[in-house]
Structures are given as C-alpha cells and as structure tokens.
2 protein chains.
Amino acid sequence: MKLQRLLLIALLLSTTFSLSAQIKWTQVAPGVWKGIIGKPEAYDLVKAGGAKANTAAIAKITAAQFPLMQGDILGAVKDGKTTLRFPLDKEEQLYGFGLNFQSVHQRGKILQLHVDHYGGKDNGRTHAPTPFYVSSKGYGVFVNSARYINVYAGSGIRKNAKTPPVEKDRNTDKSWASRPYSDAVEMLVPAAGVEVYVFAGPTPMDAVKRFNLFNGGGPLPPRWGLGFTQRVKSLYTSDEVAKEVDLFEEKGFPLDFVGLEPGWQSKAYPGTFEWDKKRYPQPEKFVKQMLDKGIRLNLWINPYVSKSAPFYPAIKPYTGSHTVWVGEVPDFNVPQARKIFFDQLQKDQVNIGVSGYKIDEVDGYDHYLWPDVATFPSGISAEQMRQTYGMLAMRYSADMYRKQNKRTYGLVRANNGGGVSLPYVIYNDYYNHQDFITALINSGTAGVLWTPEVRASKTGEEWLRRFQTVIFSPMAMINAWSSGTKPWSYPEVADQVKELALLRMQMMPYWYSEFAKYHFEGTPPFRGMALEAGFKQEVKKEAGSTNLEENPYAEATSKEIKDQYMAGEYLLVAPLFMGDTTRKVILPKGKWYDFYTGAFAGDGSVITVTPGLNKIPVYVKDGGIIPMMKPMLHAPKAGEKVDLEIRHYGTAASTYNLYDDDGETYNYEKGDYSWRQIKVTRDASGNLAGTIADAQAGKPNTVGNVTFKFMTK
Amino acid sequence: MKLQRLLLIALLLSTTFSLSAQIKWTQVAPGVWKGIIGKPEAYDLVKAGGAKANTAAIAKITAAQFPLMQGDILGAVKDGKTTLRFPLDKEEQLYGFGLNFQSVHQRGKILQLHVDHYGGKDNGRTHAPTPFYVSSKGYGVFVNSARYINVYAGSGIRKNAKTPPVEKDRNTDKSWASRPYSDAVEMLVPAAGVEVYVFAGPTPMDAVKRFNLFNGGGPLPPRWGLGFTQRVKSLYTSDEVAKEVDLFEEKGFPLDFVGLEPGWQSKAYPGTFEWDKKRYPQPEKFVKQMLDKGIRLNLWINPYVSKSAPFYPAIKPYTGSHTVWVGEVPDFNVPQARKIFFDQLQKDQVNIGVSGYKIDEVDGYDHYLWPDVATFPSGISAEQMRQTYGMLAMRYSADMYRKQNKRTYGLVRANNGGGVSLPYVIYNDYYNHQDFITALINSGTAGVLWTPEVRASKTGEEWLRRFQTVIFSPMAMINAWSSGTKPWSYPEVADQVKELALLRMQMMPYWYSEFAKYHFEGTPPFRGMALEAGFKQEVKKEAGSTNLEENPYAEATSKEIKDQYMAGEYLLVAPLFMGDTTRKVILPKGKWYDFYTGAFAGDGSVITVTPGLNKIPVYVKDGGIIPMMKPMLHAPKAGEKVDLEIRHYGTAASTYNLYDDDGETYNYEKGDYSWRQIKVTRDASGNLAGTIADAQAGKPNTVGNVTFKFMTK
C-alpha cells in the first residue's frame, strides 16, 4: 500500500517534471540562442535549406540579452510529440508564422503550419508556413522542424495560467468574450524532440535581421532580376517569343527576362525537361539570340518526371512511392536523384544560357501532391518532404548556377524556414490584390520574397492599380501564361504602365542596394509597418455583428494595418485598389514627404489622400536618399557605368549606403563589392549638399556621373 | 562487401515487408471482421462509446463472405504512424466518412477526420467525423481510432499501382485531368497501431446495418422524443416558458418537449449546473407543472465548469490542463469526474423530472476548446479527448436516465464512430437549408442522427420550406434560442406550419417503428438514395470553368444527388428550398406513388414536380404501408391506446412490422415489446385487404381500433 502510494507520487512527479521541463539555452551566435527539447530529428528545416549562418553580420547588430525569462519557456515530450510554451505579455502583438494573406496580427491565431497552396484562409496552410514569429516586444522564436506544427498563438488558456482571465457570466455580463485572454504561445510538434531558436532584439526588426542572417541572409539577385519580366502565354513558340520581345523594344517598354510557360518542354504535367522540338527547334540559337538582345530566359517546370524524360530510367529508383500527375517525384535528399535531375537541366538548358526557373506546384494542392502515406527512398517522411520540397528544389537548382558563377533569380511556389537565402520569389494562383499586399507585408517576417504578380484584369483601372504595386515589389512581373496580356493590353492606361515600368528601372540602384542589405544585414526589402521604428498600433478589438443567429459567439474582430508597406530603407507605399479613389495612410512618427513632389505629407499622423488613378501614394522618410538612374530598357551589364541622380527628401542631413558589384556573379562572396556612403549635409542656413564617397581601389565601380536633387523645397 | 550487400538486401526486404504487410482478419460477428495492425491503443472509439455489439441481430442479416481480396488490404506501422490501404474498383463509389454537409460521394476526397464545428467545407472537420465508409460494391470499413485520421479516399496514385492511370501531356492532350485515376483508399493513423473492421454486405445497406448493430444499434427514443419540440429564447423565466407552452395549447400546435437555453443556470459559459434562483425560483414545482401539461423539459449545457459551481472544488483535481471560456473541463474518463459532474445534474435536475439535455460545444471551435497540447488526468491525449468528448458526455448523461429506467432523447454537437446507440441528435450553428439536407443524407452512413432544425427565416416561404423538412427528420424542432420565433411567427404560413406539425404527430406510429428498426436491425431511419435498392447513379464528371485564370487546373466537378432522401422504409422526401417552385426527383426502379394522393408518380424515372409552396414532395414505394394516428398535441402516454389509420400505397401486396412498447422505459431491453405484422393482400381481381396480427399476450399493446385506407385508386 505504502509502496503503491510512493509509486504514484513518483509517477505524478515525473509527469509534472516532464511537462514543465525548462530548456537549456546555448548562445550559437550573438543574440541567438538554441534550445533543445527531447531528441531533435536528424532532418530539419535548417538542414534542408543548407545555408550557413552569417555570424559575423549578426555580431554587428546591437547586443542584447536573452529576451525572455528562461523559466517561462517550457518544453516537453509526451507520446512522441513535443509541446512548447512561450510567455506572452498583455500588450504584446505577434507577427510572422509564414506567408499569411489576410492578416498581419497573429496573436490569438490557431494554425497548422503546412506547406500548401493558399486556400483563402490564414490557417497555416500557405506557400511558406515559416515556423518563426516576431514579437512587438522585440524578439523572435523559430522552431526548426520540418513537421506540421500546431500553433496556438495565444489562444489556449491553462487553468494554472500566471495571469488567468476572469470568468464571466454570458447570461448577464455584456463584457463576456468568446475568446478570453491567453498568456502563452503553445505549439505541438509531432516529433519526439525539436530544436528551438530565440532571437534577441532589441527591436522587432533586429530579431528579424538575426533570423534572416542566421539562415544565411537574403538572396542577392543579379541586377537583371530587378528589371521587368514578362511570362508569355503557354505553348508559345520561339518565333512568338522573339516577336513579343521585339514588341517590347519597339514600344519602349523595359524587359530583362522572359518566362516560358508549359510548352517549352516536349511534355508537361509531368515533364520531360527537354525542349519541344517543334516549338523550340533550335534552343541554343534561340537562347543566344535572346541574350544578344539583353533578354534572359526563365523556364517553368514542376519537378515531376514523365516516363518520356530521357533520364527517367536512371531516376526511377530514386523517386517516391506516389506520383504527381502520374509523374514520379525525385527524392532530392538522395544525391543520385538530384544529380540525375539537375544534370539534365544543366546540360539541356543552363549550359546554353537559360538564366533561371519557375518551380511550380511544389506546394500543393493535397489532391495533386503525394499523400502523407507516401514513402521516399531517403527515408524522409512524406510530411517532411512536403514541408521542404520547395526548398530542396530551389537549393539544388541554384547550385547549377553557382557552378557557373552566375546568379539566378527565379520563382517558386513553396519555401519554409531555412530557405531565406535562396534566390527565388514566391507567387501563387490566388489573385486578390488586397491580399497580395498583405502577403508582401508578411513576407518580411517569413524570410521569403513574394511578388504580387499581374496576370489580367477586368478593367484598365485594375490593371494599373496592380501594376502600381508590382513595381514596388521583389519581382516586377506580368504572368500572362493563361491570358496572354501585355503591359500595353489596356490602351487607356498603357502610357501610365510604361511610365511605371520605367520608374522601376530608374530605381534599380535603390532596389539593388536594398537587396544587398537583405543579404548582408538581414533587413527585408519589403515588410510591414510593425518593423518600422516610430510605428505603433494599438491592439483594438471591434465588436462583430450583434445578431446571434449570424454570430453566435459574439466574436469581435481585430483591427490591423495590412494595406501599406515599407519598400527599402526609406519608402512607404500605400496602394489603392480597384474602385478606390481615396484612402487613409498611417505615417509613423517623424516627418514624411511625397515621393513624387518632395512636399511635406505628415508626421505621426493619419492622412487621407486622393491621388488620382495614375498615382500610387509613396512617401519618403525625412532625410530619405533614393539613388536613381536613367530609365534604361535593360538592367546595366556587368561593369557598365551608369550616371546616378540621387534624390534627397525632407530637411534632415542623412546618409545612404550604396551597394555595388558586378551584378551577375558570386564574386561578392569573395569580397568583390563595395559600399559607398552617400552623404547629405545641412549647413547653418539650412542649405543641403550631397557627396558620395570615392570608389575603393580594386572594387567594382559602376557609378558614372552623380547629380543630387533635393526634392523638398 | 558481400556482407554489406546482403545487409542492404535484407534491409530492402524488411522495408518492403513492413510496407506491404497483410493483415490477419478475425471474424468477430457474422460478416464482421477485425484486423489488427501494429499495437492498437488502449483507448479507441468503441471503448469510448461503451456499446455492446448486437451480434444476434447481425446474425439475421444475409450471410456474406469477406468482401474484398484480403491480399489487397495492407497495413504498416512506420515512425509511430499506421498507414492503411484498401483497394478500389473502377466503378466504385464511396459514402460516409462522417457527417459531411456538401457532398455525398466521397471517392476522391482528402479528409482529416477531426471533431469540430462545421466550417463550410467537407474536409473531415465536422460534428461526427466517423471513420467509416461504405462502398457501392456493398461492404464497409471502420477504423477504430480516436485520432485525427488522414484519409485519401482514392486520390493518391502509387507508381506501382495495380491499375495505374495513363500519363498525358497537358500541352496537347485535351483529356488531361488534374486528378488522375486512383485505385486505393489510403489512410494515415497517427498511432503505432490500430484496429480495423470490415463489414460485409451483400448490399451497401447491409454493411451499414452491420456497422450500426456492431455499435449497439441505433437509439430507441421515447415516443415523446418524436413529437414536436420548441427551444425557447435564452434567459426565459419559468413564467415565460409556462406562457409559451399555454400558447401552443391555445393555438392547437403540438408540443412534447421544451428546451431551455442559457439562462436556466445561475451562470453559463462556463456553467454552474444549478438553477438560476431568479428566473427559476421553484424548479421542482415548475418541472412538475410542465409534466402535468404533458410537456417535458430539455436543458442546454456545455460541460465546462464555473468556479461558482457547487461541485467545483470536488471536480477540480479531475479536470484538464486547459479551460474553455475559463471553465474547467471534466475528464469524463476519470470515474470521479463523471460521478461528481453527473451527480449534480441527477440531483438538481433529473431527479425532479427534467427529461434530457442539449450538450453544446463539445465539438469546437478550436478557439474555444482545449488545444492539442492540453493534458488530462486520465492520460488520454487532448486529441483523443477531442474525438470522443461528445460521446463521453452523451454516454454518461444517458446513464442518469438508465438508472431511473426512463429513456431520454437529447441534442449534442459532437459524436463519432462508437456512439451510434446514444440517444442524441446532432445540430449545429451553420444554417444552410440545402446543406442540412445533405447532412441528413450523410447521417445515414455516419451512424448518427441529425436535425435540420428551424431557427428563423428571412421570409414565410423559407420558414415553411424549412419546416417541411424538419418534420421529416429525427427531431422536429424550432430552435428559438436567439430569435424567439414561434411556429406561428410567420402568419402567412402559420396554418400550413400547423398542418405539418400535426402531420408529424399523425405519423408517430410510423416514425416510432422506423426508429425501432434502427435499434433492432440497424437500418438508419434517414439516409441517402445510395442505400436504396433500385437506385443507381452514374459517376459523372462535369467540366468546370474553362477559364484557366479562374480554374488553373481545369478541375471537373462530380455530379451527385444530395437533395432527396429516404425517410423510413417506404418514403422518399424531395424538399424544395427558398426560391424554388419546381424540382427534379429521381425515382428509383419500382413504382412510386404520391404520399398525399396515392397517385402513381413514376418508375425508375426522373420526374419534374411543381408542388406549390404548401407541399413538400413525398413519394411512397409500391406496397408502402404507413401506420398513422390522429393528430394529437402530445405523444401518447405509456400504455395509452391509440387508433390507427393504416395507409397503403400502390397496387402491391405487402407487409409492415409495427413496433410497440411502453414508449418510455428500457423494459424493451428485457423483451417487453412486440412487433405486429400488418399485411395487405391482393385478390385475383386486384382488391386489396388489410389485417394486423393479434397482440401477443403479455406484451405491450397500445393499438386501439385499426382502419385501412388504400390510397391508390
């Protein structure tokens, strides 16, 4: 009897212990701590991504202590699953958990992080369900697991919570809430252990930078990647492509690379990964002809292998148990599989000058991809493969270019934590303009790039409004695979579209420097207001419908800013959508100026603007410096000198770091790059003057003549 | 080298073996086989439900062999998860996988079976995600796991499939399909083992009957449960309830039980489970006063315990780690928890005459219920608790009535496989009339009862159309918790509504016998056409939108019948919805007659009907016998004799088994019941004559005078 009691007590103690086990934290880079719970799996997101942390760059961020009380973070393994708990303060807001499309505030969300196409709801199923969140208090958390992680981002309420909510009587108390206050983020990782990382601030942006640099920093695209790209209609022939390219030239529209959609291969869905002989009889000649015109090619693929692919017999032993559109799924975790697959691409396409790929359908839908019961020769589970397949495809395709010491910049439909540094931009099939902007905001906390691509539109107005945002994004693209639209397809707005495309080109020195900051410093070039100093949004709940038949739990909705974003160091972009003539813009603390006129716009205020159809409201921070070039039709070639017009906004003295390198190779990794400081000073009588530091000897220098333009009179 | 090779071969063989491991099947009842894969968990759906298989009744179903090639069924355990595979034939259709609301055909679906509120998509998250399916080929499969099971119901395509689909080139082949043919159902059970049951036919209905009887057979409600029920507005006082009850009487509307919504308790969300002293100052007197008028009471609860509940200190040690609306969650798998909780209900409510409960919010939403990281004192995981909590609440609440030898008939928002026999009807917050009918169809293959409850309507037309279906359902109910509507709230249709409510009462002998067949024979009283002999629907795919911008994968949609259903042995109900004036009805092979007139309607044909607003089309099979009584305002009391008008339709001689017992107790379990055969014969000149077998001595007999009405002239 006594023994039984003792055993029971021992059992209870051991249970309690395992559930409240604190985590031992090890600092793995300045302001980055790793905690291990249970026995982490051999395969995880960081391993799949294959990036090396940029510890030297992390060290340059303001030093910071472990940002939470370590005793408040708990982890435990039970029944082969890991539970995690992180504390939340009353006024804390959370951002992140991947590429969400409809919400920025993640506190209170319940998600299952699962690579998938975006199905219209922010439920964790998205193209990049990065298990990373950043807190408004200035720290970040990353769960390095390639599993479907359940996230309760401040929704579950424990009976022994430190700050439990007060019980209310719904019958009589109008302040009763269907979602009472929760003081913790809880997660369930379906594995018997996991690695967790905590990133210090002190600001939310610092935590994001640490996360990005820990994953190798953002990709540095080639200069041409930041120009304009047109994806032509499926089944186009080489002649049709050439004709379309000529039209761009004739009409004076910029164009840097052209995307070929299904039809360039002899077979697709599944693919053969070799040119179709009818539509592309002389691929080598055609690619060269394009390159001679300054046009690069990007090829659509999905990685599912047709029995007609030349390498099919060789790759067959290294594919998964299940097929996708009857095509076999190469297990990119098996060296033979990736060698066989990418050798074909290298030999047939990359070696003749193809500049990149669009890797489609590595995300979902569930109905097309392998089921979770599938098996793969590497032993990696179907779930882990689903969470990382996009990353693997990006990683090993980028390797082809690395071998040639040429950068690539492509498109992909799935990424995840660990894939920050891969030179691909996410796109999808969904087509809601507002949600595309929200995704652009969330891309900044998901460690990914996202393009609000333009496909077709109901009206010229919609076309122009969409165009206005895509040129302020990581990839200025029309995707005409189905519609065949051209930039000039809506004649009533063709001039304005051309002007926008040329503005994209003019801003290339700015964009290029901002991407360099993504790579070298971890700063996402496109991001939401939450990462901006001086911006503070209250967490306000608004009452929902009071009709209990429609809203039985009297749910309130959260108010959040999801329609304006930061583009690079200095710009705030506030798009309008079809049907809008006016909008509110929230300007953070500090003076802001109109991008087009230099006029003062506001300071820590909410302004209402009516910009007209032809203009997208863009504001520049006081002291903002925007280096611009002339509106070229193609990105400058390696080494080509370009004159700069450096614009300055507002009245403050300031500096800007201009990045320079050859724009095409990986030589910057060996130090072949330069940062040149642009400096605007202000004398006692308020006159502004600008200078640019001299080029460093032996470093790339593509800056021609420099003129300064002081926009604010 | 040689050793390594041997080891590799051994490894490959063992992998192959574990993945293709065949299952050993044991016959556990006639035509019911159990297969075990790995080490099944101690807790499962059947154990949670607590029912005993009715093997004697199963033995009466046509004998049948194991319905599949055993070698085609595979199971394996890998990484702590169980994968299952079942074969599919080309022309096979699947039904089931729980209470779906928008689709009847389940072949091709991908689901994660997860107890939840219905969120608007048939994705496995529903109030009863029963892991049971029945094939058009006449067999059923049940996976007895209280886990979130992933189902690929003929979607995944293995590269080594027996009948692999042909690869097609999307570029050039118009017959390319985004969802190629799959020859297997695959499932992933997140546990290291599982019990699987196979139910033989020969018909799909036989397989369903076996499944239901294996789980104890359907519940037999008390007679009053099949009458009319009104759920009054929240916060009603006993005086208001009494006044409303009087109004029913005055206006001549039938009423058998009244539901009290939030407000009867002193506190709710979370609840105290004791009467509110202001609104219900004398509960015992009030309940008796109602019973004296022939009105029973049903009380709304959700099982989450307020700190103000009298038993809170006692139950606290037996609640889960997380709260629901700050209320604690009793772990009903701990005997103390259920004793403490249900003792309160028994003492405070059941013992004074309360007749049942409506158990709310045991399904979801995720935001309200405990997260999957929660723990429970019994050691049952949060996931298993989520899958079974509704079952446990039903089971142990029903036990209170069993102790008193009184039947109950209540409402619940979650059930699952294993809960077939529990006397509760599912309802929800969703309110789409069409989808409510589809749910009624699917309830027949989910082992549950479902009510398309009427709440409020935009127009009298909608009110009447909804009323027309709820009287042909397991529970004829208005749920006015929020709206306060009464049957007569739409004056323009009040007469018609009254007529329908009285029709419900007239048909009570039919409904009661049909429910007895659910209990004793396993035949679901409400079900889809797929279980009906003579009904055959082709599996046709219809092309979707050809605009690739809207439908990028050129998805086709499946055509299915989801708006007509069978009600008992003989009736086919074909509802109209708001805005409809006409509809098509598919009549299976065999002659069908109009329920109201007895006129011939069709035979194996599709008819178009324009019934007018006041009529819901209902058809009776040739030889259909419908026993009816006079339109009483309350169900007959125990032992009360009622005269029967027995209607016969068509020209065929036929029989009907009329069930009889005391209508209120469990004495039928001891044999206190009778089946009396009604027989209609036809002489050489075609004249019909009816007889009813004599009552058995010593058995309940509530049949008064019997008249026959031959509806078809």
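Note that the structure is a prediction, hence the values are computed from the model and not measured.

(A) How the structure looks around the nonpolar core. All names here are of chain B. If you look at the biggest cluster of nonpolar residues, it comprises 183 residues, and the most contacted ones within it are Val241, Leu260, Phe341, Trp370, Phe472 and Leu571. Of the residues forming this core, the biggest block, eleven residues, is contributed by helix H9 (residues 382-403). Inspection of this core shows a minimum of three residues originating in each of domain 1 (527-619) and domain 2 (625-710). Not counting residues up to four positions away in its chain, the partners in contact with phenylalanine 472 are Leu440, Leu503, Arg504, Met507, Trp511, Phe526, Tyr565, Leu571, Val573, Ile616 and Val618.

(B) A look at the packing of helix H12 (residues 494-506) of chain B against helix H13 (residues 508-521) of chain B. Residues and elements named next belong to chain B. The interhelical angle for the contact between H12 and H13, taken along N-to-C directions, is 55 degrees, at an axis separation of 5 Å. Judged by the inter-axis angle, H12 sits oblique to H13. Taken together, the residues of H13 that come into contact with H12 (itself represented by Arg504, Met505 and Gln506) are Met508, Pro509 and Trp511. Looking at side-chain class alone, the contact of H12 with H13 contains four nonpolar, one polar and one charged residues.

(C) The arrangement of the domain arrangement of chain A in detail. Residues and elements named next belong to chain A. For chain A, the assigned domains read domain 1 (527-619) and domain 2 (625-710). Between the C-alpha centres of domain 1 and domain 2 there is a distance of 31 Å. With eight residues of domain 1 in contact, the opposing surface of domain 2 contributes nine residues. Both faces combined, the contact of domain 1 with domain 2 buries some 650 Å², and carbon together with sulfur accounts for 64% of it. Considering only the side of domain 1, the residues that lose the most area to domain 2 are Tyr570, Tyr593 and Phe595, jointly responsible for 73% of the buried surface there. Connecting domain 1 to domain 2 are two residue pairs in polar contact (both at pLDDT 80 or more). It is strand S30 (residues 591-594) that contributes the most residues to the side of domain 1 that touches domain 2, three residues altogether.

(D) Broad picture of the pattern of salt bridges. Residues and elements named next belong to chain A. Within this structure, the stated rule accounts for 78 salt bridges over all chains. A salt bridge links aspartate 183 to arginine 158, with the shortest nitrogen-to-oxygen separation between them at 3.1 Å. With a gap of 25 residues between them, aspartate 183 in the loop between strand S11 (157-158) and strand S12 (184-189) and arginine 158 in strand S11 connect regions that are remote in the sequence. Accessibility expressed as a relative area gives 8% for aspartate 183, which makes it buried.

(E) Geometry of the interface of chain A and chain B. Every contact between the two is made by 78 residues of chain A and, on the other side, 78 residues of chain B. Summed over the shared surface of chain A and chain B, the result is six salt bridges. Where chain A meets chain B, there are 47 residue pairs in polar contact (both at pLDDT 80 or more). Here the side of chain A that touches chain B gets five residues from one element, more than from any other, and that element is strand S17 (residues 319-324) of chain A.

(F) Broad picture of the sheet that holds strand S20 (residues 410-412) of chain A. Residues and elements named next belong to chain A. Spatially, eight strands are ordered S22-S21-S20-S19-S16-S15-S14-S23 in an open sheet, and the strand pairing comes out parallel. Edge strands, defined here as strands with exactly one partner in the open sheet, are strand S22 (449-450) and strand S23 (476-479). Relative to S22, strand S21 (residues 424-426) runs parallel, the two being bridged by two bridges. Looking at S22, one finds that valine 425 is bridged to leucine 449.

(G) Geometry of the sheet that holds strand S33 (residues 618-621) of chain B. All names here are of chain B. Taken in spatial order, the six strands make up an open sheet running S24-S27-S28-S33-S30-S31, and their pairing is antiparallel. Sheet topology places strand S24 (526-527) and strand S31 (600-603) at the edges, where each strand pairs with a single neighbour. Relative to S33, strand S28 (residues 571-573) runs antiparallel, the two sharing three bridges. Among the inter-strand pairings, leucine 571 is bridged to a residue of S33, identified as valine 620.

(H) Structural detail: the relation of the copies chain A and chain B. The two copies are related by a screw operation: chain A maps onto chain B through 180 degrees of rotation and 0.0 Å of translation along the axis, at an RMSD of 0.0 Å. Such a combination of rotation and displacement between the chain copies is what one expects of a two-fold axis. Proximity to the rotation axis, assessed at the C-alpha, singles out Gly80(A) in chain A; its C-alpha lies 4.0 Å from the axis. When you check the interface residues of chain A against chain B, 100% turn up at the interface there too, and the contact is symmetric in its surfaces.

(I) Representation of the side chain of Asn667(A) in the model. As for its position among the elements, Asn667(A) is in the loop between strand S36 (654-660) and strand S37 (674-682). With near-sequence residues (within four places) excluded, Asn667(A) lies in contact with Asn405(A), Asp662(A) and Asp672(A).

(J) How the structure looks around unusual backbone geometry. At the junction of Gly201(A) and Pro202(A), the peptide bond is cis and its omega measures out at 15 degrees in the coordinates. Inspection of the secondary structure puts Pro202(A) in the loop between strand S13 (193-200) and helix H4 (204-214). Residue Gly364(B) is joined to Tyr365(B) through a cis peptide bond whose omega torsion reads -5 degrees. Note that Tyr365(B) resides in the loop between strand S19 (356-359) and H9. In this model, Asn405(A) sits at a positive phi of 50 degrees, which is unusual for a non-glycine residue. Secondary-structure assignment places Asn405(A) in the loop between helix H9 (382-403) and S20. Residue Asp79(B) is not a glycine yet carries a positive backbone phi of 50 degrees. Take Asp79(B): it is sitting in the loop between strand S3 (74-78) and strand S4 (81-87). Residue classification places Asp79(B) among the exposed positions, given a relative accessible area of 57%.

(K) Highlighting the confidence of the model for chain A. For chain A, the average pLDDT comes to 95, and 96% of its residues sit at 70 or higher. Segment residues 7-19 of chain A is flagged for pLDDT under 50; beyond a separation of four residues in sequence, or across chains, it makes five contacts in the model.

(L) Region of interest: empty space enclosed by the protein. For the coordinates displayed, the defined rule picks out 15 cavities of 30 Å³ or more. The calculated volume of the largest cavity comes to roughly 140 Å³. Along the walls of the largest cavity sit 19 residues, with Asp360(A), Arg413(A), Asp429(A), Trp481(A) and Pro552(B) positioned nearest its centre.

(M) Representation of the side chain of Arg223(B). All names here are of chain B. Locating arginine 223 in the fold gives a position in the loop between helix H4 (204-214) and strand S14 (228-231). Judged by relative accessible area, which is 9%, arginine 223 ranks as buried. Engagement of the side chain of arginine 223 in a polar contact is seen with the side chain of aspartate 660, the distance being 2.9 Å. If we skip the residues at most four places from it in the chain, arginine 223 touches Met508, Tyr512, Ala635, Pro636, Tyr659, Asp660, Asp661, Asp662, Gly663 and Thr702.

(N) Representation of the pairing of S37(A). All names here are of chain A. In terms of strand pairing, S36 meets S37 through seven bridges, oriented antiparallel. Looking at S37, one finds that threonine 655 is bridged to lysine 679. Note: S37 against strand S38 (residues 688-692), five bridges, orientation antiparallel. Bridging across to S38, isoleucine 678 finds its partner in isoleucine 692. Connecting S37 to the antiparallel partner S38 that follows it, the hairpin turn spans five residues, and glycine 686 within it adopts a positive phi of roughly 90 degrees.

(O) Layout of the pairing of strand S2 (residues 32-38) of chain A. Residue and element names in this part refer to chain A. For strand S1 (residues 25-29) and S2, the ladder comprises four bridges, and the chain directions are antiparallel. Residue alanine 29 lies in a different strand from S2, and its bridge partner there is valine 32. Hairpin connection between S1 and S2: a loop of two residues separates the two successive antiparallel strands, and glycine 31 in this loop has a positive phi of roughly 80 degrees. Here S2 pairs with S13 via seven bridges, running antiparallel. Bridging across to S13, tryptophan 33 finds its partner in valine 198.

(P) Structural context of H13(B). Helix length check: H13(B), at 14 residues, gives a terminal C-alpha distance of 19 Å against a target of 20 Å (1.5 Å per residue), a fit within 8%. Within two residues after H13(B), Gly522(B) carries a phi angle of roughly 90 degrees, on the positive side.

(Q) Representation of the packing of aromatic side chains within the structure. Residues and elements named next belong to chain A. Applying the stated criterion across every chain, the model contains 138 aromatic pairs over all chains. On the basis of an interplanar angle of 80 degrees and a centroid distance of 5.0 Å, the ring pair of tyrosine 118 and tyrosine 430 is categorised as edge-to-face. Placement of the pair is tyrosine 118 in the loop between strand S6 (110-115) and strand S7 (125-126) and tyrosine 430 in the loop between S21 and helix H10 (433-446), with a sequence separation of 312 residues. Comparing tyrosine 118 with tyrosine 430, the two get one shared label, buried.

Conventions used here
Residues numbered from 1 in each chain as written. Chains lettered and ligands numbered in written order. Predicted model: local features only at pLDDT ≥ 70, side-chain atom pairs only at ≥ 80, totals over all residues. Heavy atoms only, no water. Core = buried A, V, L, I, M, F, W, Y, C linked by side-chain atoms within 4.5 Å. Buried < 20%, exposed > 50% of the residue type's maximum accessible area, 1.4 Å probe, protein only. Helix = DSSP H or I, 4+ residues; strand = E, 2+ residues; numbered from the N terminus. Domains from an automatic or database assignment. Contact = heavy atoms within 4.5 Å. Axes fitted to C-alpha atoms, helices over the stretch in contact; angles between N-to-C directions. Parallel < 35°, antiparallel > 145°, perpendicular 65-115°, else oblique. Nonpolar A, V, L, I, M, F, W, Y, C, P; charged D, E, K, R; others polar. Buried area = accessible area lost by both parts, 1.4 Å probe. Polar contact = N/O pair within 3.5 Å; in protein donor to acceptor, adjacent residues only side chain to side chain. Salt bridge = Lys/Arg side-chain N within 4 Å of Asp/Glu carboxyl O. Pairing = 2+ DSSP bridges. Least-squares fit on C-alpha atoms with pLDDT ≥ 70 in both. pLDDT = per-residue confidence, 0-100. 1 Å grid on protein atoms, 1.4 Å probe; cavity = no way out; pocket = protein on both sides within 12 Å on 5 of 7 lines; lining within 4 Å. Points joined across faces, edges and corners; volume = space filled by probe spheres on them. Expected span 1.5 Å × (residues − 1). Phe/Tyr/Trp six-rings, centres within 6.5 Å; stacked < 30°, edge-to-face > 60°.

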